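In case you want the letters, here they are:
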Amino acid sequence: MNAVILQSLGAAETVTGSKHYLKTPELNILVDCGLFQGIKRLREKNWQKLPVKPADIDVIILTHAHLDHCGYIPLLVKGGFTGKIFMTMPTRELTELILLDSAKIQEEDAEKANRNRYSKHVPALPLYTTAEAETSFGNFVTVTCNTSILLNDHVNFRLKPSGHILGACSVEILCYGKTIVFSGDIGRFQSPILAAPDYFTSADFVIMESTYGNRLHEKDDPSEELAVIINKTIERGGNIIIPSFAVGRAQDLMYILIRLKKLNKIPDSIPIILDSPMAATATDVLLRYPEFSKISEAECQEINDNITINRDYRNTARIINQRRSKIILAASGMLTGGRVLEYVKSYIGDNRNTILLVGYQAEGTRGKALQDKVHEIKIHGKYYAVKAEVAEVTGLSAHADQSELIDWVRRFKTPPGQIMLVHGEPSAQEALRVKIQYELHIPVKILRPNDDVILYSCSD
């Protein structure tokens, strides 16, 4: 068919597994290539064959390095994809870091499941190995923002920073005479460490995230709320465990916590421990790309000087057993895996402690279960009673809220011909759809999984 067709292979009517497939007469482009996370029904999709052949995909454009946007790349390469994967330089460094960590966790989880016999699969296998992740790095190609990259005679693209995490971008694709913009994940207007999102000014079609399409973040300074929760926990002799995405959220939190100490809002004596080698490395990456950041090298160094970084998992048990109150940052942000689970297992049964949620919690994750005030959660085959306080600070999210998403659309000088919503739960998408159509009078469609949407016919 001589047309441009859009098909969402992931993050349609859900927030994870971002894969948006743009089929054109001569070139097939995949924007993002992420893993599904959350409930079992979604995670199982990672093991299923895609509805398209990896070899039929010519190019991947990666918006940013979070696992739900990049984590499927090794499987796609293993399955026969041989094309280039375009991204910014910081996204490349962070993606390599995240994919290696993802492969390592999967290998360790499979080994643990086989040793303790709590998987129904015999043997339990990793989704991909460290070697397979490393193989995919050979397809990576870095580009600079605001530079037009020609893919063929009819298609080119460029990137603009989206303010979500270091290196994150939105994508503009000029394709057979029309303009298609993929928002990627849109960041906050007032991020502690990142510049505000940049904008494209025109588009015929916009494929837009809707994570917080039905929510507004608190307008008060979230650091004040954070300080109150920390001080209350210290007063009762407890620990503060903050599940945190290693890339993006951890750096924001470290910056805020050090600032709270300098302002005497929390005790200077309270230890801050980052138990995530990946987050530590991501902080080093931040230093190398000042064009994406608002903070100075001296401020970054201050973070490193005032936070204890644990890179060796064998030290985690020792940290857990320390009697004094402490603040612990550890991945993953939705408690789907990683070292944070060891802290939760040890601390969740003590009402002096606080588990502090600071980011989006997808349906089916342990983080979402705690957000919904469950009385117990299951970790590594065992149930743990929830006696610790579960607190939440929404203003620290790295995703734009409903008003910021609508402001992002308002930046287009000419309203887009149509907006298509992805990367959101159904209730959030429906709320944002109605709000955009009411306020901006732009047609909005919610993309369904794997449906072919003919955008337009084209000619040479």
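Our subject is the structure that appears above.
Definitions and limits used
- Residues numbered from 1 in each chain as written.
- Predicted model: local features only at pLDDT ≥ 70, side-chain atom pairs only at ≥ 80, totals over all residues.
- Heavy atoms only, no water.
- Helix = DSSP H or I, 4+ residues; strand = E, 2+ residues; numbered from the N terminus.
- Rg over C-alpha atoms; globule rule 2.2 N^0.38 Å.
- Contact = heavy atoms within 4.5 Å.
- Areas by Shrake-Rupley, 256 points an atom, 1.4 Å probe, with all protein chains shown as cover.
- Lys, Arg positive; Asp, Glu negative; His and termini not counted.
- Charge placed at Lys NZ, Arg CZ, Asp CG, Glu CD.
- Pairing = 2+ DSSP bridges.
- Axes fitted to C-alpha atoms, helices over the stretch in contact; angles between N-to-C directions.
- Parallel < 35°, antiparallel > 145°, perpendicular 65-115°, else oblique.
- Nonpolar A, V, L, I, M, F, W, Y, C, P; charged D, E, K, R; others polar.
- Buried < 20%, exposed > 50% of the residue type's maximum accessible area, 1.4 Å probe, protein only.
- Salt bridge = Lys/Arg side-chain N within 4 Å of Asp/Glu carboxyl O.
- Core = buried A, V, L, I, M, F, W, Y, C linked by side-chain atoms within 4.5 Å.
- Phe/Tyr/Trp six-rings, centres within 6.5 Å; stacked < 30°, edge-to-face > 60°.
- Lys NZ or Arg CZ within 6 Å of the ring centre and 35° of its normal.
- Polar contact = N/O pair within 3.5 Å; in protein donor to acceptor, adjacent residues only side chain to side chain.

A. Inspection of the overall build of the protein at higher detail. Counting secondary structure elements, the protein contains 14 helices and 22 strands. On C-alpha atoms alone, the protein measures out to a radius of gyration of 22 Å, which is about the 23 Å that the 2.2 N^0.38 rule sets for 460 residues. In terms of overall dimensions, the protein has C-alpha extents of about 70 × 50 × 40 Å along its principal axes. Here the contacts in the protein between residues at least 6 apart in sequence split such that 74% fall between residues at least 24 apart. A total of about 19000 Å² of accessible surface is found on the protein, and carbon and sulfur atoms cover 49% of it. Placing the 53 positive and 54 negative side-chain charges of the protein at their respective mean positions leaves the two points 6 Å apart.

B. Looking closely at the sheet that holds strand β22 (residues 452-457). Strand order in the open sheet made by the seven strands is β6-β5-β4-β3-β2-β1-β22, with mixed pairing throughout. Both edges of this open sheet fall to β6 (140-142) and β22, since each of them pairs with a single strand only. Ignoring which end each strand starts from, the neighbouring axes of this sheet average 25 degrees apart. Against the sheet, helix α4 (residues 89-116) engages β5 (84-87) and β6, with an angle of about 150 degrees to β6.

C. Region of interest: the packing of helix α7 (residues 249-262) against helix α8 (residues 277-288). In the contact formed by α7 and α8, the axes pass within 9 Å of each other and the chain directions differ by 80 degrees. Judged on the interaxial angle alone, α8 and α7 are roughly perpendicular. Counted together, Ala250, Gln251 and Met254 of α7 and Ala279, Ala282, Thr283 and Leu286 of α8 form the full contact between these two elements. Of the residues assigned to the contact of α7 with α8, the class counts are five nonpolar, two polar and no charged.

D. Representation of the sheet that holds strand β11 (residues 205-209) within the structure. Reading across the sheet, the seven strands line up as β7-β8-β9-β10-β11-β20-β21 and stay open at both edges, with mixed pairing between neighbours. The sheet terminates laterally at β7 (149-152) and β21 (444-446), the two strands that pair on one side only. Within this sheet the neighbouring strands show an average axis-to-axis angle of 20 degrees, counted without direction. The sheet contacts of helix α13 (residues 402-410) involve β9 (169-175), β10 (178-182), β11 and β20 (418-422), and relative to β11 the element is tilted by about 160 degrees.

E. Representation of the pairing of strand β17 (residues 376-379). The alternating pattern of β17 places Ile377 and Ile379 on a buried face and Glu376 and Lys378 on a face that is not buried. Hairpin remark: β17 followed by strand β18 (residues 382-385), antiparallel, with two residues in the connecting loop; positive phi at His380, about 50 degrees.

F. Fine view of the pattern of salt bridges. Going through the model one piece at a time under the given rule, you end up with 24 salt bridges. Here Lys160 and Asp198 are joined by a salt bridge, their closest N and O atoms 3.6 Å apart. Separated by 38 residues along the polypeptide, Lys160 in strand β8 (residues 155-161) and Asp198 in the loop between β10 and β11 bring together distant segments of the chain. A salt bridge links Lys265 to Glu224, with the shortest nitrogen-to-oxygen separation between them at 2.7 Å. Of this pair, Lys265 sits in the loop between α7 and β13 (272-274) while Glu224 sits in helix α6 (residues 222-235), and the two are 41 residues apart along the sequence. Judged by relative accessible area, which is 32%, Lys265 ranks as partly exposed. With a relative accessible area of 37%, Glu224 lands in the partly exposed category.

G. Structural view of the side chain of Asn239. Along the polypeptide, Asn239 turns up in the loop between α6 and β12 (240-243). Ignoring anything within four residues of it in the chain, the contact list for Asn239 reads Thr233, Arg324, Ser325, Lys326, Tyr347, Arg352, Asn353 and Thr354.

H. Representation of the nonpolar core within the structure. Grouped together as the largest cluster of nonpolar side chains are 75 residues, with contacts concentrated most on Ile73, Leu76, Leu226, Leu257, Ile327 and Leu356. The dominant element in this core, judged by the number of residues it contributes, is α7, at eight residues. Membership of the second largest hydrophobic core comes to 31 residues, among which are Leu159, Ile180, Phe205 and Leu447.

I. Fine view of the packing of aromatic side chains. Enumeration according to the criterion identifies six aromatic pairs in this entry. Measuring from ring centre to ring centre gives 5.8 Å for Phe205 and Tyr456, while their planes differ by 15 degrees; the resulting arrangement is stacked. Remark: Tyr456 occurs in strand β22 and Phe205 occurs in strand β11; sequence separation between them is 251 residues. As far as burial versus exposure is concerned, Phe205 and Tyr456 are alike and both buried. In this structure, Lys19 packs its charged tip against the face of Tyr72, placed 4.7 Å from the ring centre. Taking the ring centre of Phe36 as reference, the NZ or CZ of Lys45 above it sits at 5.9 Å.

J. Quick peek at unusual backbone geometry. Here the residue pair Ala331 and Ser332 is connected by a cis peptide bond, since its omega of 10 degrees sits within 30 degrees of zero. With respect to the helices, strands and loops of the structure, Ser332 is situated in the loop between β15 (327-330) and α11 (340-347). Positive phi is not limited to glycine here, since Tyr176 has a value of about 50 degrees. Position of Tyr176 relative to the elements: it lies in the loop between β9 and β10. The phi angle at Lys373 is positive, at roughly 65 degrees, despite the residue not being glycine. Considering the arrangement of structural elements, one finds Lys373 in the loop between α12 (366-371) and β17.

K. Structural view of the side chain of Ser170. Summarising the element assignment, Ser170 is placed in strand β9. Separated by 2.6 Å, the side chain of Ser170 and the backbone oxygen of Ser183 make a polar contact. If near-sequence neighbours (up to four positions away) are discounted, Ser170 is found in contact with Arg158, Leu159, Lys160, Ser162, Phe182, Ser183, Phe200 and Trp408.

L. Spatial organisation of the pairing of β10. With four of its five residues buried, β10 lies for the most part within the structure. With antiparallel pairing between neighbouring strands as the criterion, β9 and β10 make up a hairpin whose turn holds two residues, including Tyr176 at a positive phi of roughly 50 degrees.

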